[in-house]
Amino acid sequence: MAQYIRKAVLINTYRAISFATLSVNKLIRPAALRTIESLSQVIATKESEESSTKDKIITTLRSSIGSALDATSKYTDTSLTYISQSLTSNQRELEERLAKDFNVEFSGWLLSAENLTVMEKILQSFAGALMKIQGISSYQAFQYLILFTDLQKIARTYAPEMVYGIDTKKLIEPLPELQRQEIERIREDAHYHLLFATAVYGRPNRVDFIIQGNGPETWEQNFLKGVKLQTEDLIHACWKSFTYKPVFAFARDSSVKKFVLSIRGTRSILDFLTDIDAEYFNISLRRDPKGKLYLKVHHTSHMDLHLKQKISAMVPIINFEEESRVNTELEEEKVESHQLHGVENKSAKNMLEDEELYRGWIHAGMFTAALSVFHEVKPTVEKTFANPEYKDYQFSISGHSLGGGISTILTLLFLVYPPSTIENPSERIIGYSYGTAAVLSKEFFPLLKDNLISVVNETDLVPRLSAGSVRDTLDVIRALDLCEQKEPGVTKTIVSYALKEDEKSQANRPQSLKKTLELFNIIKKENMNSVKLLPQGRIFLMTKQFVENKGIAFVEVKDCEFFNQLIFSRDLFINHLPKSYEVSMQLCRAL
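None of the values given here were measured: they were computed from a predicted structure.

J.: Residues and numbers for the overall build of the protein, please.
T.: Each helix and strand in the protein was counted, giving 18 helices and 15 strands. By residue count, 53% of the 591 residues in the protein fall in the buried class. When the accessible surface of the protein is split by element, carbon and sulfur atoms take 54% of a total near 28,400 Å².

J.: Account for the pairing of strand E9 (residues 394–400), with residues named and values stated.
T.: Most of E9 sits out of view: 7 of its 7 residues are buried. Alternating residues of E9 divide into Gln394, Ser396, Ser398 and His400 and Phe395, Ile397 and Gly399, and every residue in both groups is buried. As defined by bridge partners, strand E3 (residues 258–263) adjoins E9 across 6 bridges and the pair is classed as parallel. Bridge assignment links Ile263 to a residue of E9, and that residue is Gly399. In this structure, E9 lies alongside strand E10 (residues 429–434), joined through 6 bridges in parallel fashion. What sits directly across from Phe395, in E10, is Ile429.

J.: Could you give an account of the packing of helix H5 (residues 138–158) against helix H14 (residues 467–486), with specific residues and numbers?
T.: For the pair H5 and H14, the least separation of the axes is 9 Å and the interaxial angle reads 100°. Judged on the interaxial angle alone, H14 and H5 are roughly perpendicular. Residues Ala141, Tyr144, Leu145, Leu147, Phe148 and Leu151 of H5 form the contact with H14, whose participating residues are Thr473, Val476, Ile477, Leu480, Asp481 and Glu484. Each residue belonging to the contact of H5 with H14 can be placed in one class, and the counts come to 9 nonpolar, 1 polar and 2 charged.

J.: Go over the confidence of the model for the protein with me, naming the residues and quoting the values.
T.: Chain-level statistics for the protein give a pLDDT mean of 78 and a share of 67% at 70 or above. Ignoring residues within four places in sequence, the model shows residues 46–50, a span with pLDDT below 50, making 2 contacts including any to other chains. When the criterion is pLDDT under 50, residues 204–214 qualifies, and its contacts beyond four places in sequence or with other chains add up to 22 contacts.

J.: Can you break down the packing of aromatic side chains residue by residue, with the values?
T.: Any two aromatic rings considered together are summarised by their centre-to-centre distance and by the angle between their planes. A complete count under the given rule lists 21 aromatic pairs for this structure. Consider the rings of Tyr280 and Trp361, whose centres lie 6.2 Å apart with planes at 45°: the pair is tilted. Linking Tyr280 in strand E4 (residues 280–287) with Trp361 in strand E8 (residues 355–363), this pair joins segments that are 81 residues apart in sequence. We classify Trp361 as partly exposed; its relative accessible area is 28%.

J.: Before we move on, can you summarise unusual backbone geometry with the specific residues and values?
T.: What you tend to see is this: most non-glycine residues have negative phi, and most peptide bonds are trans. One non-glycine residue, Ser401, lies in positive phi territory at about 65°. Mapped onto the elements of the fold, Ser401 is located in the loop between E9 and helix H12 (402–416). The phi angle at Glu458 is positive, at roughly 50°, despite the residue not being glycine. Position of Glu458 relative to the elements: it lies in the loop between strand E12 (452–457) and H14.

J.: Explain the side chain of Arg538 residue by residue, including any values.
T.: Structurally, the position occupied by Arg538 is in strand E14 (residues 538–543). Classification of Arg538 by relative accessible area gives buried; the value is 16%. In terms of polar contacts, Arg538 uses its side chain to reach the side chain of Glu182, at 2.9 Å. In terms of polar contacts, Arg538 uses its side chain to reach the side chain of Glu556, at 2.8 Å. If we skip the residues at most four places from it in the chain, Arg538 touches Glu182, Ile186, Lys449, Leu452, Ile453, Ser454 and Glu556.

J.: Just give me the short version of the sheet that holds E9, but keep the residues and values in it.
T.: The strand order across the open sheet formed by 8 strands is E1-E2-E3-E9-E10-E12-E14-E15, and the pairing between neighbours is mixed. Lying at the two open borders of the sheet, with one neighbouring strand each, are strand E1 (234–238) and strand E15 (553–557). Taken over all neighbouring pairs, the strand axes of this sheet differ in orientation by 20° on average, direction set aside.

J.: Tell me about the pattern of salt bridges, residues and numbers included.
T.: Side chains bearing opposite charge may pair, as long as their charged atoms lie close to each other. Counted under the stated rule, the structure contains 15 salt bridges. Measuring nitrogen to oxygen at the nearest pair gives 3.0 Å for the salt bridge that ties Arg286 to Glu356. You can see Arg286 sitting in strand E4 and its partner Glu356 sitting in strand E8, a full 70 residues away along the chain. The exposure class assigned to Glu356 is partly exposed, which follows from its relative accessible area of 38%.

J.: Hey, could you go over the nonpolar core for me, with residue numbers and the actual values?
T.: Phe148, Tyr434, Val455 and Phe562 are the most contacted members of the largest nonpolar core, which totals 63 residues. In terms of residue count, the dominant contributor to this core is H5 (7 residues). With sequence-adjacent residues up to four places away left out, Phe148 is seen in contact with Val476, Leu480, Phe520, Ile523, Met528, Gln565 and Phe568. By size, the runner-up hydrophobic cluster in this structure holds 51 residues, among which are Phe259, Ile283, Ile409 and Leu415.

J.: Tell me about the packing of helix H7 (residues 177–199) against helix H18 (residues 578–587), residues and numbers included.
T.: The geometry of a pair of packed helices is captured by two quantities: the angle between their axes and the separation between those axes. Direction vectors running N to C along H7 and H18 enclose 160°, while the axes themselves pass 10 Å from each other. Put simply, H7 runs roughly antiparallel to H18. Crossing of H7 over H18 shows left-handed handedness. Across the interface between the two elements, Arg187, Ala190, His191, Leu194 and Thr198 from H7 touch Pro578, Tyr581, Glu582, Met585 and Gln586 from H18. Broken down by class, the residue content of the contact of H7 with H18 amounts to 5 nonpolar, 3 polar and 2 charged.

Basis of the calculations
Within every chain, residues take consecutive numbers counted from 1 along the sequence as written. Only residues with pLDDT of at least 70 get local features here, since the model is predicted, and only at 80 or more are side-chain atom pairs given and counted; chain-wide, interface and lining totals rely on the full set of residues. Computation of side-chain values covers all heavy atoms of the structure but excludes hydrogens and water. Segments assigned H or I by DSSP are reported as helices when at least four residues long, segments assigned E as strands when at least two residues long, and all are numbered from the N terminus. With a 1.4 Å probe rolled over the protein chains alone, any residue whose accessible area is under 20% of its type maximum counts as buried; one over 50% counts as exposed, and the rest are partly exposed. Residue burial considers only the protein chains on display, and all accessible areas are found by Shrake-Rupley using a 1.4 Å probe. Think of it this way: DSSP has to see at least two bridges between two strands before they count as a pair. All axes here are fitted lines through C-alpha atoms, helices being fitted over the stretch that makes contact, and every angle between N-to-C directions spans 0 to 180 degrees. Relative orientations are named as follows: roughly parallel for angles under 35 degrees, roughly antiparallel for angles over 145 degrees, roughly perpendicular for angles from 65 to 115 degrees, and oblique for any other angle. Residues are treated as being in contact if the distance between any of their heavy atoms lies within 4.5 Å. Gly counts as polar in this scheme, as do all residues outside two lists: the nonpolar Ala, Val, Leu, Ile, Met, Phe, Trp, Tyr, Cys and Pro, and the charged Asp, Glu, Lys and Arg. Known as pLDDT, the predictor's per-residue confidence is scaled from 0 to 100. Classification of ring pairs uses Phe, Tyr and Trp, with its six-membered ring standing for Trp, and accepts pairs whose centres are within 6.5 Å; under 30 degrees between planes counts as stacked, over 60 as edge-to-face, and the remaining range as tilted. Contacts described as polar in this section are N or O atom pairs within 3.5 Å, which, within protein, must combine one atom able to donate a hydrogen with one able to accept it, while residues neighboring in sequence count only if both atoms come from side chains. Salt bridge, as applied in this entry: a Lys or Arg side-chain nitrogen positioned within 4 Å of an Asp or Glu carboxyl oxygen. Think of a nonpolar core as a cluster: buried Ala, Val, Leu, Ile, Met, Phe, Trp, Tyr and Cys residues, connected wherever their side-chain atoms sit within 4.5 Å. By convention the crossing between two helices is left-handed if the near helix lies anticlockwise of the far one by an angle smaller than a right angle, and right-handed if it lies clockwise.

The following block contains the structure:
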């Protein structure tokens, strides 16, 4: 055992060295050089400094930082990658032997071979994204981001349809009484399920980046206390998170005839790795000639062999076909045909081949995590609902943030592959997602209308955040840099006049407003066209932005592209906290 541990330490030491050196080559070197340029700009703004002093400072910075970086340049990316791959293979072999001989579990270890591979992949994606703003210093990029925030603020105030894509006045139109009562009932149900989404965090005021709380007993007690249930009501739970597998709890509430599967949001580094594995899989919902629904994954170009093997082992219903473009298919034991919203029933006699019903994009990390939970929980759900006592119970899935995104995908999985013991699954399975991570593209929006409630708190960043929105932001920074190079200072001057309301600025303000809105519209059309992932199902916004002196409104947003753009505001992070959702849910009401 001791020799295995020594070998593991040795492998990880070499692995860390190669990983760090590769990181320096790809990220730290250009970042350091950009920092030097930023510092030179800051120094240049201090008029009291003599020119010779400035030059001396900049030269010293270049010399000290540059010499340290040059020490790594003798290693090529190719050789470092080869070393890293070799060490990965050795570490995996060692972990397998430890697991077999001593029953040591490495999947929850931060520095496991799998997690280090995920980190390397994310690093490469991050480095590739930063290429969009290569040549722009971090100081300049930050200034352009502030400038765009001001542009967006003006557009939100004077032309909100440019930002949100809809006429926001329609959000607050008075509803017929019956429709208002329906939305108020949905709000009450959403409030109930929010308790499960927040209680599964255990101790919400603490973030566990290294350790996983105080043990299963503490997590369980805190969860049951939060949802006001007893120990015997907890059917199944996992209180330790892994990469691609979150903490979750499956519980019974007999007082309302519900079983609720609660998925925890991000609370550890391993959860964070699932979050930022943010590339897209291309998937479709299909129907075979016998009328059975299934999901198909069409293209996973970045998915490494080990991850394919992991998913295959974790969820046996997946088969991988070896093609030039990786083609994977979810296959399930045959189930009775059932109807989903937006899926027209057709006679099998009229179908000679598989029919594609929907096709779009899905978040890679959260899809993998949802499959993991689905594989573990589905047998328990089937066994539970086999009891005749529960034939009238509803099956709900609830989560916040990362948990909300996984809940969205789990709702889809349980509807496409429903437990055989749940009758009328499309009427008894429903998901509730709060501050959901964006996990599906707009093509799937009609699919979950009857089976998923998504709640967003005002300007919450997370439902608007995906790899596409990050690419858009980098494109905007590049576009503003080009504007600045063409006409230095003009854009900033126009925006500053549009923002000011003092008497001196009033003469220029109308024209500045017009030019600012025109500029925002051009930037949006030319630089914000990446494919984005968006909230799904029936989406409800808790807002006071569009309501004058009426408190917090609970309004339905009928187009998911309302969340197509990152909203930069001072409370974009605060609005995402579980506590903020609890407070807003208590205060909001249907109009």
